[in-house]
Structures are given as structure tokens and as C-alpha cells.
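# A look at the structure
What follows is each chain in one-letter form.
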Amino acid sequence: MAKIISFANQKGGIGKTTSAINIAASVAKKGHKVLLCDCDPQGNTTSGVGINKKGLHTSTYDLLLGRCDLTSVAVKTTFENLWILPANINLAGAEFELVSLEDRAFRLKNALEAIRSFFDYIFIDCPPSLGVLTLNALAASDGVVIPMQCEYFALEGLTQLMNTIKRTRELYNKNLDITGIVITMYNGKLNLTDQVMSELKKYYADKIFASPVPRGVRLSEAPSYGMPISYYDHNSKGSVAYDEIAAELIERVG
């Protein structure tokens, strides 16, 4: 039975999608069957694993609206043990179309239950917002991975996200846990980095993954080739960091 993990942070541009793609690919390379769900209308997770989001016949949008089942949407990528539930801009309409439905928070959960036994891990990339798409992801998940940068605005956003997770536990998913916090775009030479890390460790020391992800040109280039960093340049610092995080995640969630 697959462990379902969401990647969530309402702040954009902090490496959330990059983390979802590369952790999923690294876990898959370790021999586990992985489904990566793109729940962001931007579709960057989809294109980041080499799938043409403009050429999709069905997508996450159709799945959430009940127009098809997951087996007709999921696509096997060219990467080892990695499948994708793709998305494109059509998914933006789901925010409006789901709001009037009684089971709007559980559409994704119900869809995933049908294939949960086929995969070892299901990773969900959430949009940079706390709307109905993110709610669907959190309601379906066993845990949440929170990617964040070492800056003060990110700390403020983390507080808001923690409140959302707490509220989701109370209303929709009592078993939702925080799997961990991934530090992205790390620069250990900055005083600000040390200050933010110190603040984080006061409250979340046991949740921070041991390997921060450094900034890197190769990591930034990989999505334009539709490849996870472990395939684009497995010797790069970003690839090594994500591989270590993937190993730690597997150890944490089993």
C-alpha cells in the first residue's frame, strides 16, 4: 500500500516542484514504484519529467471532475519506476468547478484509492496556494514535505501552512503528518541563512532533512531538458542532495 506524500508551500519560487520531481525520481531509482501527481495548473511537474503538457488528452483536471479514472490518465515516464499523473492549464478550472461539490475535498483521495496498492509511493505536487487543489492533496496524504528557502518571508509562510495543516487534520484527515522540511537554494555563506536555520531549529529541529539543497546551474537546467537531476547530471551537488533526502524520506515513512 503506497505512502502518499504531498509537497506543499503556498509561497511560489521556493523549489517545491523541483523537490517533488527529484525526490520522486530518486526514490524510484532505488527500486520503488512511484506515481508523481501534478496538481498545479502550471504543469511544471509534467514537463519536468519530459511529458508534453500541451498534448494531453486527459489530465488531473478530468480525474478530479470524474470524467475518467486514474488508469486512463497516468503515464509511464521514460525514467525507471516513475509514472506521472499529468496536468496543464485546464486544471485551473477545477478550483471553480469543485467548490460546489459536496465531496470536493476528497476527489483526489477517492481516485487514488483505486490504484494505491500498485505503487510504493505517491507524491503530489501542490500549487503555490492553499485552495481546493491543495486541500485535495492534503486530505489524500499520509504526510507533507515542505520545501522552503532560508529567508524571513518563508518563515512567515511556514506558520500559515502549519495552521492549514492543523485545520486539515481537524476537518478532513486526522492522520496527516509532517514528513519533513527540505531546505532549498541553500547558501551557507550568508548570515541570513544561519539566522533562519537557527529559528527553524528552535521549533522544527526534528523535521528538517539533514541535507540542504544548494543552488546550482545544473539543477536549474535539468527541467528544460525534461529530466530529473539524477538523470541529467547524477554527480552534481543537487543530485547528491536530493538522493540523500530521498533515502532519509524512505527511512522516515517506511
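Our subject is the structure listed above.
A brief report on the enclosed structure follows. (Residues numbered from 1 in each chain as written. Predicted model: local features only at pLDDT ≥ 70, side-chain atom pairs only at ≥ 80, totals over all residues. Heavy atoms only, no water.)

### Points about a nonpolar patch on the surface
On the surface, Tyr-152, Leu-190 and Leu-192 cluster together into a nonpolar patch covering about 260 Å² of accessible area. For Tyr-152, the location among the structural elements is in helix 7 (residues 152-171). In this structure Tyr-152 comes out as partly exposed when scored by relative accessible area, which is 43%. (Patch = residues over 30% accessible without salt bridge, like charges linked within 9 Å, V, L, I, M, F, W, Y side chains within 5 Å. Areas by Shrake-Rupley, 256 points an atom, 1.4 Å probe, with all protein chains shown as cover. Salt bridge = Lys/Arg side-chain N within 4 Å of Asp/Glu carboxyl O. Helix = DSSP H or I, 4+ residues; strand = E, 2+ residues; numbered from the N terminus. Buried < 20%, exposed > 50% of the residue type's maximum accessible area, 1.4 Å probe, protein only.)

### Observations concerning the pattern of salt bridges
Applying the stated criterion across every chain yields a total of 14 salt bridges. Between Lys-11 and Glu-151 there is a salt bridge whose closest N-O contact spans 3.1 Å. On the criterion of sequence distance, the pair formed by Lys-11 in the loop between strand 1 (3-7) and helix 1 (16-29) and Glu-151 in the loop between strand 6 (143-148) and helix 7 is long-range, its members being 140 residues apart. We classify Lys-11 as partly exposed; its relative accessible area is 25%. Among the ionic pairs, Glu-113 bridges to Arg-116, the shortest N-O distance being 3.3 Å. Within the structure, one salt-bridge network assembled from shared partners comprises Asp-62, Arg-67 and Glu-97.

### Describing the pairing of strand 4 (residues 82-85)
Neither face of strand 4 is exposed, since Leu-82 and Ile-84 on one face and Trp-83 and Leu-85 on the opposite face are all buried. Strand direction decides the pairing type here: strand 2 (residues 34-38) and strand 4, joined by 4 bridges, are parallel. In the strand pairing of strand 4, Leu-36 is matched with Ile-84. Inspection of the sheet shows strand 3 (residues 75-76) paired to strand 4 by 2 bridges, in the antiparallel sense. In the strand pairing of strand 4, Val-75 is matched with Ile-84. (Pairing = 2+ DSSP bridges.)

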